[in-house]
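# Coordinate inspection notes
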Amino acid sequence: MPREQRIRVEVDGRNLELSNLDKVLYPSAGFTKGEVIDYYTRIAPVLLPHLRDRALTRIRFPNGVDGASFFEKNAPAGTPDWVRLERLPVPGSTKSREMLDYVVADDLPTLVWLANLAALELHTPQWRVGADPDLMVVDLDPGAPAGLRECCAVAVLMRDRLAADGLDAYPKTSGKKGMQLSCPIAGTQSAEEVSGYAKRIAEELERGNPKGITSKMAKRLRPGKVFIDWSQNSATKTTVAPYSLRAQPTPTVSTPLTWDEVEAGAARPFTSGEVLDRIEEHGDLLEPLLTPGPELPSS
């Protein structure tokens, strides 16, 4: 058995030990752990603001995207003492309120450390530690034969409907088959209130286009339609972070889109290299999400 290769590096004044940088994590693309770390290092200036102060759920793929994976909320054994941890109750846990030490990725050393653990996917809640939701997120999930083109059409409908309530929506791909829309909100309303508002809008759009949209969870109702998943705003849910890699055959990324692209139905899976190029062209299209928005209308 080959000996594990380890190298020591310094990242922003923190000492890290990286291992097996030539290990292939995306076999179909030959994309290695070293390339994963390089991507997260280069994307960090636009990614970190979206992770800051948010309890992080990771999906780790120690043997690559074709191997077993696991969700991880708690800080793993051996977490460096400089990694920010927040002890928080697990949303939806029993009355005893299970507590976990969540990792909060506020800086580049933490991001590199996570990438070295093969934490390919990074998922965040819609609120910062100790606060109410400052984002409303809806997931647009197409049921075959519907796809990203149909998601784009629904995204435009939802954008226009939310604009009527004074909300600005910002689109991104999920990095898989669907899309998400995010709206900055005031951070003064509970997850239940945000989820309730999102559900009302989804039901309204379904009534206007019952052949193309569903707001219902049942998978048997989804073929050929776009499911507007309003439940992403539940206290128990997280959403893949902007610029996170996804566990697909190629290293696709949850990618911010322009509305021109969405209106043209041009959403598609973008790879890590393409996303780095897009940053050069567009900067962070989701930067407006970092500033609080308005309160949601009451029912």
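Everything here concerns the structure above.
Residues numbered from 1 in each chain as written. Predicted model: local features only at pLDDT ≥ 70, side-chain atom pairs only at ≥ 80, totals over all residues. Heavy atoms only, no water.

## A look at the sheet that holds strand E15 (residues 239-240)
Taking strand neighbours across the sheet as the criterion, the 4 strands line up as E6-E5-E9-E15 in an open arrangement whose pairing is antiparallel. Here the strands that pair on one side only, and so sit at the sheet edges, are strand E6 (70-72) and E15. Here strand E9 (residues 119-124) runs beside E15; their pairing, made up of 2 bridges, is antiparallel. Bridge assignment links histidine 123 to a residue of E15, and that residue is valine 240. (Pairing = 2+ DSSP bridges. Helix = DSSP H or I, 4+ residues; strand = E, 2+ residues; numbered from the N terminus.)

## Describing the sheet that holds strand E10 (residues 135-142)
The sheet built from 5 strands is open, its strands ordered E11-E12-E10-E14-E13 with mixed pairing. Two strands close off the open sheet at either side, each with one partner strand: strand E11 (170-173) and strand E13 (213-214). Along the sheet, helix H3 (residues 148-164) contacts E10, strand E12 (179-184), E13 and strand E14 (226-229); its crossing angle with E12, the most-contacted strand, is approximately 15°. Taken strand by strand, helix H4 (residues 191-208) contacts E10, E13 and E14, and its axis lies near 40° from that of E10. (Contact = heavy atoms within 4.5 Å. Axes fitted to C-alpha atoms, helices over the stretch in contact; angles between N-to-C directions.)

## So, the environment of threonine 214
By the element assignment, threonine 214 lies in strand E13. Judged by its relative accessible area of 1%, threonine 214 is buried. As for threonine 214 and glycine 224, which are separated by 10 residues in sequence, their C-alpha atoms are 9.9 Å apart. Threonine 214 has contacts with Glu206, Leu221, Arg222, Lys225, Val226, Phe227 and Ile228, leaving out every residue within four places of it along the chain. (Buried < 20%, exposed > 50% of the residue type's maximum accessible area, 1.4 Å probe, protein only.)

## Focus on the packing of aromatic side chains
Enumeration over the complete set of coordinates arrives at 2 aromatic pairs. Ring plane angle 80° and centroid distance 5.7 Å describe the contact between tyrosine 26 and phenylalanine 31, whose orientation is recorded as edge-to-face. The same class applies to tyrosine 26 and to phenylalanine 31, which are both buried. Looking at arginine 159, its charged tip hangs above the ring of tryptophan 259, at a distance of 4.7 Å from the centre. Taking NZ or CZ as reference, arginine 278 lies 4.3 Å from the ring centre of phenylalanine 270, over its face. (Phe/Tyr/Trp six-rings, centres within 6.5 Å; stacked < 30°, edge-to-face > 60°. Lys NZ or Arg CZ within 6 Å of the ring centre and 35° of its normal.)

## Looking at H3
Counted at 1.5 Å a residue, the expected span for H3 with its 17 residues is 24 Å, and the 24 Å between its end C-alpha atoms agrees. Burial in H3 covers these residues: Leu148, Cys151, Cys152, Val154, Ala155, Val156, Met158, Arg159 and Leu162. The inward-facing, buried residues of H3 contact E10, E12, H4, E13, E14 and helix H5 (259-263). A positive phi of about 80° marks glycine 166, the residue just after H3. (Expected span 1.5 Å × (residues − 1).)

## Notes on a negative patch on the surface
Negative charge collects at one region of the surface, where Asp132, Glu192, Glu193 and Glu295 lie side by side. Position of glutamate 193 among the secondary structure elements: in helix H4. (Patch = residues over 30% accessible without salt bridge, like charges linked within 9 Å, V, L, I, M, F, W, Y side chains within 5 Å. Areas by Shrake-Rupley, 256 points an atom, 1.4 Å probe, with all protein chains shown as cover. Salt bridge = Lys/Arg side-chain N within 4 Å of Asp/Glu carboxyl O. Lys, Arg positive; Asp, Glu negative; His and termini not counted. Charge placed at Lys NZ, Arg CZ, Asp CG, Glu CD.)

## Thoughts on the nonpolar core
With 74 residues, the main nonpolar core has Tyr40 and Met179 as its most contacted residues. If you tally residues by element for this core, the top one is helix H1 (residues 33-51), at 10 residues. Every residue in contact with tyrosine 40, bar those within four places of it in the chain, is listed here: Leu47, Leu108, Leu111, Ala115, Ala119, Leu120, Leu122, Tyr243, Ser244 and Leu245. Leu135, Val137, Tyr170 and Leu286 belong to the second largest nonpolar core, which has 5 residues in total. (Core = buried A, V, L, I, M, F, W, Y, C linked by side-chain atoms within 4.5 Å.)

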